[in-house]
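Structure assessment
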Amino acid sequence: MDSAISEAPAQAPERTPLADAADTGLKIVIVGGFGVGKTTLVRSVSEIRPLNTEEYMTQAGVGVDETTGLAHKTTTTVAFDFGRISLNETKVLYLFGAPGQERFWFLWDRLFSGTLGAVVLVDTRRMSDSWYAIDRLEHHRTPFVVAVNRFDDDAAYHSLDEIRQALALPGHIPLLDCDARVRSDGKRVLITLVDHLYKLALAQETTT
Amino acid sequence: MTRRPVDTGSPDRLYTVTGGRSHTADTTVFDLVTLVVSECDPTPGMQSEHVRILTLCRHPAAVVEIAAELRMPITVVRILLEDLLAAGRITARRPRAAAAAADLPESALLKEVLHGLRNL
Ligand SMILES: Nc1nc2c(ncn2[C@@H]2O[C@H](COP(=O)(O)OP(=O)(O)OP(=O)(O)O)[C@@H](O)[C@H]2O)c(=O)[nH]1
Ligand SMILES: [Mg+2]
């Protein structure tokens, strides 16, 4: 028979498997401009180190191919990262960090359909980076909350009221401060979102 | 023939891995967070990507986790998973299928999510 040594795993498992009873994967998307802290927020609440993956992105090219008369398409890949939270034995929540710029939005449509809701992460030094994301979420009727990631070197401190105005954010959409590096803050952001979703669902269920 | 390590989705590589197919796999079966579970062990002679998926999915793993682990674009992984599903080698636990089957309202699911988050 083989010795105990040869039965030992050749290497430490590099990933933490899910519970065998896990049967339902759920999604929440964290969207925001470059460097706003998406990956940091995912990392602060995830039970695994954030993983990176990619998908093809096909874009209609500008102009028309002269020989074929067809608009040419270019295919590139776009990367996004994600983390994971096992909520209980059967439900697993995946958190996706997604770039919020205009050119990534059809990726959104494709990859993130069926998401529970979204967190828009805002850097007050570049508030306009969030306008497009908020616009699209409203258009898609994807419920969301807005979290302001406060950076230490932000000289001009804007109050939440000022930020709400700058973003033209309706009063019923939750807006909160956070430090994406702090786990309890990340947790609070997610709870604020899901609580918002829960209330929306209850209201919907009582009117139908 | 020696296989090169899998790289991230050069078009040639996509062609090799998927046997030249590039159709869009059914995204309702293989959503990003569909959980995949192996129904058998890898057998000799199997395509190396299939071997890796079957090994990885001894415990449930989401499509997106498989893609990250294999370092391949989601689209390629979906095609590989379709093959395995058609051959009965994996099962797919679709998102929220359990809740829908139990006819649970959305609010009940969200309450469960809230509870899970508060217990973190
Ligand atoms: N001071 C401060 N720094 C932060 C905070 N959140 C993130 N950072 C830092 O800001 C930088 C960018 O954060 P990331 O989490 O990588 O941002 P991202 O949105 O994922 O960036 P991209 O994916 O490149 O668009 C990192 O160096 C973080 O450590 C914060 O709340 N306060
Ligand atoms: Mg990032």
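How each quantity is defined
- Residues numbered from 1 in each chain as written.
- Chains lettered and ligands numbered in written order.
- Predicted model: local features only at pLDDT ≥ 70, side-chain atom pairs only at ≥ 80, totals over all residues.
- Heavy atoms only, no water.
- Contact = heavy atoms within 4.5 Å.
- Buried area = accessible area lost by both parts, 1.4 Å probe.
- Salt bridge = Lys/Arg side-chain N within 4 Å of Asp/Glu carboxyl O.
- Polar contact = N/O pair within 3.5 Å; in protein donor to acceptor, adjacent residues only side chain to side chain.
- Helix = DSSP H or I, 4+ residues; strand = E, 2+ residues; numbered from the N terminus.
- Nonpolar A, V, L, I, M, F, W, Y, C, P; charged D, E, K, R; others polar.
- 1 Å grid on protein atoms, 1.4 Å probe; cavity = no way out; pocket = protein on both sides within 12 Å on 5 of 7 lines; lining within 4 Å.
- Points joined across faces, edges and corners; volume = space filled by probe spheres on them.
- Buried < 20%, exposed > 50% of the residue type's maximum accessible area, 1.4 Å probe, protein only.

The name given to chain B in an unreviewed UniProt entry is DUF742 domain-containing protein, with the source organism recorded as Streptomyces chryseus.

Some thoughts on the interface of chain A and chain B
Between chain A and chain B, the residue contacts involve 47 residues of the former and 42 residues of the latter. Of the roughly 3900 Å² buried between chain A and chain B on both sides combined, carbon and sulfur atoms contribute 63%. In this structure, the connection of chain A to chain B is made through three salt bridges. Between B:Glu65 and A:Arg84 there is a salt bridge, with the nearest N and O atoms lying 2.7 Å from each other. Connecting chain A to chain B are 13 residue pairs in polar contact (both at pLDDT 80 or more). If you list the elements that add at least two residues to the side of chain A that touches chain B, you get strand S1 (24-32), strand S2 (51-60), strand S3 (73-86), strand S4 (91-99) and helix H6 (183-207) of chain A. Considering every element that reaches the side of chain A that touches chain B, the biggest residue donor is H6(A), with eleven residues. Along the lines of polarity and charge, the residues of the side of chain A that touches chain B split into 26 nonpolar, eight polar and 13 charged.

Quick look at empty space enclosed by the protein
All names here are of chain A. Tallying each qualifying case throughout the model produces one cavity of 30 Å³ or more. Estimates place the volume of the largest cavity at around 30 Å³. Around the largest cavity, the lining residues are Gly33, Val36, Leu121, Val122, Asp123, Arg126, Asp129 and Ser130. Partitioning the lining of the largest cavity into residue classes produces three nonpolar, two polar and three charged.

Some remarks on the pattern of salt bridges
Applying the stated rule across the entire model yields eleven salt bridges over all chains. Residues A:Asp123 and A:Arg126 are paired through a salt bridge, measuring 2.9 Å at the closest nitrogen-oxygen approach. Classification of A:Arg126 by relative accessible area gives partly exposed; the value is 34%. Here A:Asp195 ties to A:Lys199 by a salt bridge, and the two come within 2.8 Å at their closest N and O atoms. With A:Asp195 and A:Lys199 both in helix H6 and four residues apart, this pair spans about one turn of that helix. Beyond isolated ion pairs, a larger network of salt bridges with shared partners links A:Glu47, A:Arg84 and B:Glu65.

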